[in-house]
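# Observations on the three-dimensional arrangement
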Amino acid sequence: MDDKLLEERLSNLKDSYDNMPEDTRKGEILAAIKTEQKRKLPKQWHHLPYVASFIGVGMIAGILFMQFAGDFGISPGSETENSHTSSAALANQNEIDKTFIELNEYYNQKHEEAETELGMETDEIFIAREIRSRLIEEEANVNHIREPSKEDLADLKSRLIKLMDEEFTTPAQLIKEIESNPNGQKTDQLIEGQKLLSKLDGYKRHYQYYLLSSLYLGQLSEAEKAALVEQLQSGESEVINVLVQGAEDNGYRVVSEKGQLVVQIDYKGIAEKLTDALPADFREFLHLKDVQVFTNDGTLILAWKEIGDLLVRYEELYSSTNSSIIKDWIKSDVGHSLYPLFVLGHSSNSLFKENELKSEVRAAYSYVTAEYPSFSTAAAIKVELEALKLNSYKKPLNFEEKLVLLPDYLNMPKDLQQAGMKPIEEPILPLSDQLMEVYETFRAEKSEEALIGVGPFNIMRLYYYADSIKDYSTKYALYSDAAQLPALEDYIEDQSEKPVSLADSLEGYRFATLYYTDGDRRQIKGLRLRFDNNMEGLLFGMTHENGVWKVNFLPLQ
């Protein structure tokens, strides 16, 4: 009976261990083991089997305890002490309340200091409002979701103060830091300059909000707006004088635009102020950014010819600087904004009038190509101009959706830049919806009128697509009339027996470039397809005839 009791206890304990879910309720199990260990046995002697059973239970419990203690980072003999320390380390409610009162006071202090540096006088809270929201969220989290230790609370406070220090750093403070280190490493200067540019963009929004909420108070009459402009010019208003001084200290200027006050980033003024502390190429970049292309309300004000000059100046700087940081800035400003503006136009100033290219736009394009023939910007504009000429300077269908092909220097490998070749990075297949419409029209009518205004690259895409769907009669119709073609029936029969399609040859395709006769950009002879493993690629021959692009027979070489 006693032996059976021992075996039953050991078996039950083993079964409990085996059926225990891993990594769940370990705290409860550990607590139960601790409780069991604290029980005091009676002093009288028990029968030997009972003693043995308790010894067995104690041994297995000890093994379990060591396992769970290891999981929880508890060493033997330290449970009570650690539990007491953990409980005592929790922050109480008074400490939590005091922490967030101090954080909110610090926020208000930093906000007031920033307003003063920026030259603003307002009781509103509008700078770094997301930080104020963060404080509210963190306080709610601490009070209702988790119970922080004193150490955690102190760490949270430190992180939030650091965040506020960074957020409330004004452009004026960064300008002073850069100015105080004229002999620093160029890379460090550029990194600090990058921080400054980011701050200038961010704080400009604060100025706009301040003008609207505090000076203009919503919608002012034209007379009231004019009075503010007059106060700016006369210097009689203390409020505006403080604003002007604060703006100047922080790298901005307050000007009159369309009869009202606006704040602009004074890139040129910053470059001149930091002449001894910034590299020459960075200062030149700031001068280029200072050119006002748009008004404050987004209206294009720079003439098309002046935009062309500005594009060339950016390319000159790109070619002369050794800084990858400045090159990236130029790629961003020119590639994402300025060049697409020049070749697509703007909602406030279209390239076309009554679907005809404006004379001033045509003149600007011609000026750039004639005045700067050695620049890739000019070469790219020349291709745009020639495409428009082929369309009799009419606005092409779906013009606003067309792919913008950037000047070579913005996206070409160095060896191809030097060769003066333009990349076309759009995939050959599948066709876009717009190009599919062209294909279906040409397929139905086989009329060259459907191909008017379609460039050589897209004609090649139509050719590849026709082959991929085994539409050999349409593929045949894309060939040049000058080619020595077999009869249509013989051609279709021959093509039908091909084991592979043209699309199979596109594995590893990277991009295409236009191919010219002896480098003469006036004589396009086709496209060169370039691949990852063969940058020389394949030549796809084409001919321009009857005002449209056609494919040479057996075009791939």
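Whatever comes next refers back to the structure up there.
### Structural notes on the overall build of the protein chain
Scanning the protein chain from N- to C-terminus turns up 23 helices and nine strands. Of all 557 residues assigned to the protein chain, the portion counted as buried reaches 40%. Summarising the internal contacts of the protein chain: among those between residues at least 6 apart in sequence, 65% fall at separations of at least 24. As presented, the protein chain carries roughly 31,000 Å² of accessible surface, and 50% of it is formed by carbon and sulfur atoms.

### Examining the packing of aromatic side chains
For any pair of aromatic rings, the description rests on two quantities: the centre-to-centre distance and the angle between the ring planes. Summed over all chains, the structure comprises 19 aromatic pairs. Taking 4.9 Å as the distance between ring centres and 65 degrees as the angle between the ring planes, the aromatic pair formed by Tyr318 and Tyr409 counts as edge-to-face. Separated by 91 residues along the polypeptide, Tyr318 in helix H14 (residues 304-320) and Tyr409 in helix H18 (residues 408-411) bring together distant segments of the chain. Both residues of the pair, Tyr318 and Tyr409, count as buried. Look at Tyr479 and Phe553: their rings are 5.1 Å apart centre to centre, the planes differ by 75 degrees, and that puts the pair in the edge-to-face class. Pair noted here: Tyr479 is in the loop between helix H22 (472-477) and helix H23 (488-496) and Phe553 is in strand E9 (residues 548-556), with a separation of 74 residues, a long-range link. Its relative accessible area of 3% is what places Tyr479 among the buried residues.

### Overview of the nonpolar core
Of all hydrophobic cores here, the largest spans 95 residues; its most connected members are Leu261, Phe282, Ile307, Tyr314, Ile330, Phe342 and Tyr365. By residue number, the principal contributor to this core is helix H15 (residues 324-344), which donates 10 residues. For Ile330, the contacting residues outside a window of four places in its chain are Phe285, Tyr314, Leu317, Tyr318, Gly335 and Tyr409. Of all hydrophobic cores here, the second largest spans 38 residues; its members include Leu451, Tyr491, Tyr509 and Leu527.

### Here's the deal with a negative patch on the surface
Residues Glu489, Asp490, Glu493, Asp494 and Glu497 make up a contiguous surface patch of negative charge. Owing to a relative accessible area of 59%, Glu497 belongs among the exposed residues under this scheme.

### Concerning helix H17 (residues 376-390)
If you check H17, its first and last C-alpha atoms are 21 Å apart, about what 15 residues at 1.5 Å a residue would give, namely 21 Å. Buried within H17 we find Ser376, Thr377, Ala378, Ala379, Ala380, Ile381, Glu384, Leu385 and Leu388. Immediately downstream of H17, the backbone of Ser392 shows phi near 55 degrees, a positive value.

### Structural notes on helix H20 (residues 433-445)
Each α-helix winds once per 3.6 residues, and so residues spaced three or four apart point in a common direction. A rise of 1.5 Å per residue sets the reference length of H20, with its 13 residues, at 18 Å; its end C-alpha atoms lie 19 Å apart and thus fit the reference within 8%. Taken together, the buried positions of H20 are occupied by Leu435, Val438, Tyr439 and Phe442. Projected down its long axis, H20 carries its buried residues within an arc of 100 degrees, all on one side. Of the residues in H20, the exposed ones pointing more than 90 degrees away from the buried face are Asp433, Glu437, Ala444 and Glu445.

### Looking at the packing of helix H13 (residues 280-289) against H14
Running from N to C, H13 and H14 cross one another at 165 degrees; their axes reach a closest spacing of 11 Å. Classified by the interaxial angle, the pair formed by H13 and H14 is roughly antiparallel. The interaxial crossing formed by H13 with H14 has left-handed handedness. Each of Asp281, Glu284, Phe285, Leu288 and Lys289 in H13 lies in contact with H14, whose residues at this interface are Leu310, Arg313, Tyr314 and Leu317.

### What about unusual backbone geometry?
A cis amide bond, omega 0 degrees, links Leu429 with the succeeding residue Pro430. Tracing the backbone through its elements, the reader meets Pro430 in the loop between strand E5 (423-424) and H20. We note that Ser392 has phi near 55 degrees; this positive angle belongs to a residue other than glycine. Mapped onto the fold, Ser392 is located in the loop between H17 and H18. The class of Ser392 is partly exposed, set by a relative accessible area of 48%. Residues other than glycine seldom take positive phi values, yet Leu554 does so here, at roughly 50 degrees. Within the secondary structure, Leu554 is located in strand E9. According to the relative accessible area criterion, Leu554 is exposed, its value standing at 61%.

### Some thoughts on the pattern of salt bridges
The final tally for this structure, using the stated rule, is 21 salt bridges. One salt bridge connects Lys195 with Glu192, and the closest N-O pair in it is separated by 3.3 Å. Of the two residues, Lys195 and Glu192 both sit in helix H9 (residues 186-215), three residues apart, roughly one turn of that helix. Judged by relative accessible area, Glu192 falls into the partly exposed class, the value being 24%. Residues Lys394 and Glu356 are paired through a salt bridge, measuring 2.5 Å at the closest nitrogen-oxygen approach. Residue Lys394 is located in the loop between H17 and H18, and its partner Glu356 is located in strand E4 (residues 356-357); the two are separated by 38 residues in the primary sequence. Each of the salt bridges in this network shares a partner with another, and the network as a whole consists of Lys98, Glu102 and Lys157.

### A few points about the packing of H9 against H13
Where H9 meets H13, the closest approach of the two axes is 10 Å, and the angle between their N-to-C directions is 20 degrees. Compared by their axis directions, H9 and H13 come out roughly parallel. Of the two possible hands of crossing, H9 and H13 adopt the one that is right-handed. Mapping the contact onto sequence places Lys186, Leu190, Gly193 and Leu197 in H9 and Asp281, Phe282, Phe285 and Leu286 in H13.

Each value, and the rule that gives it
Residues numbered from 1 in each chain as written. Predicted model: local features only at pLDDT ≥ 70, side-chain atom pairs only at ≥ 80, totals over all residues. Heavy atoms only, no water. Helix = DSSP H or I, 4+ residues; strand = E, 2+ residues; numbered from the N terminus. Buried < 20%, exposed > 50% of the residue type's maximum accessible area, 1.4 Å probe, protein only. Contact = heavy atoms within 4.5 Å. Areas by Shrake-Rupley, 256 points an atom, 1.4 Å probe, with all protein chains shown as cover. Phe/Tyr/Trp six-rings, centres within 6.5 Å; stacked < 30°, edge-to-face > 60°. Core = buried A, V, L, I, M, F, W, Y, C linked by side-chain atoms within 4.5 Å. Patch = residues over 30% accessible without salt bridge, like charges linked within 9 Å, V, L, I, M, F, W, Y side chains within 5 Å. Salt bridge = Lys/Arg side-chain N within 4 Å of Asp/Glu carboxyl O. Lys, Arg positive; Asp, Glu negative; His and termini not counted. Charge placed at Lys NZ, Arg CZ, Asp CG, Glu CD. Expected span 1.5 Å × (residues − 1). Arc of directions from axis to C-beta. Axes fitted to C-alpha atoms, helices over the stretch in contact; angles between N-to-C directions. Parallel < 35°, antiparallel > 145°, perpendicular 65-115°, else oblique. Left-handed = near helix turned anticlockwise from the far one by under 90°.

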